[in-house]
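For reference, the chains in residue letters:
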Amino acid sequence: MLDNLSIPDDIQKEPELPLPSLDDQKRIVEELKRLEAAGELTPEVLEAFMTGNRKPAADA
């Protein structure tokens, strides 16, 4: 089915991010829910969390 799909040899792969610990994942979910409830959850904020560029607040 994907036999005709060719990937260039010089393609740059994004580095894999390590999974956050379970406690960090819970803090991220709590902060995302808080941001959503406050109307502050934007695609940019979500992307920052998903790419590891933003971490949950320590006091969350």
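Note that the structure is predicted; figures quoted are calculated from it, not measured.

Engineer: Explain the pattern of salt bridges to me, please; I cannot follow it from the model alone.
Structural biologist: Close approach of charged atoms allows side chains of opposite charge to pair. Tallied over the entire structure, the rule returns three salt bridges. A salt bridge links Asp 24 to Arg 27, with the shortest nitrogen-to-oxygen separation between them at 2.0 Å. In this pair, Asp 24 and Arg 27 both sit in helix H1 (residues 22-37), three residues apart, roughly one turn of the helix. Its salt-bridge partner being Arg 34, residue Glu 31 comes within 3.6 Å of it at the nearest N-O pair. With Glu 31 and Arg 34 both in helix H1 and three residues apart, the pair spans about one turn of that helix. What emerges from the salt-bridge pattern is a single network uniting Glu 31, Arg 34 and Arg 54.

Engineer: Looking at this structure, I do not really get H1. What am I missing?
Structural biologist: Each α-helix turn comprises 3.6 residues. Residues three or four places apart therefore point the same way. The end-to-end C-alpha distance of H1, which contains 16 residues, comes to 23 Å, matching closely the 22 Å that a straight helix rising 1.5 Å per residue would cover. Buried residues of H1: Ile 28, Glu 31, Leu 32 and Leu 35, and no others. Along the long axis of H1, the arc covered by the buried residues comes to 100 degrees, so they all point the same way. Pointing more than 90 degrees away from the buried face of H1 are the exposed residues Leu 22, Asp 23, Lys 33 and Ala 37. In this structure, the buried side of H1 is in contact with helix H2 (43-50). Just downstream of H1 lies Gly 39, where phi reads positive at about 75 degrees.

Basis of the calculations
- Counting restarts for each chain: residues are numbered from 1 in the order of the written sequence.
- Only residues with pLDDT of at least 70 are given local features in this predicted model, and only at 80 or more are side-chain atom pairs given and counted; all residues enter the totals for whole chains, interfaces and linings.
- Values reported for side chains reflect all heavy atoms of the structure, with hydrogen atoms and water molecules removed beforehand.
- Any Lys or Arg side-chain nitrogen found within 4 Å of a carboxyl oxygen on Asp or Glu counts as a salt bridge.
- Strands here are runs of E lasting at least two residues and helices are runs of H or I lasting at least four, both read from the DSSP assignment and numbered beginning at the N terminus.
- Take the residue count of a helix, subtract one, and multiply by 1.5 Å to get its expected span.
- Type-normalised accessible area, obtained with a 1.4 Å probe on protein chains alone, sets the label of each residue: buried when under 20%, exposed when over 50%, and partly exposed for intermediate values.
- Think of the arc as the fan of directions from the helix axis to the C-beta atoms.
- The contact criterion used is simple: two residues touch if any of their non-hydrogen atoms lie within 4.5 Å.

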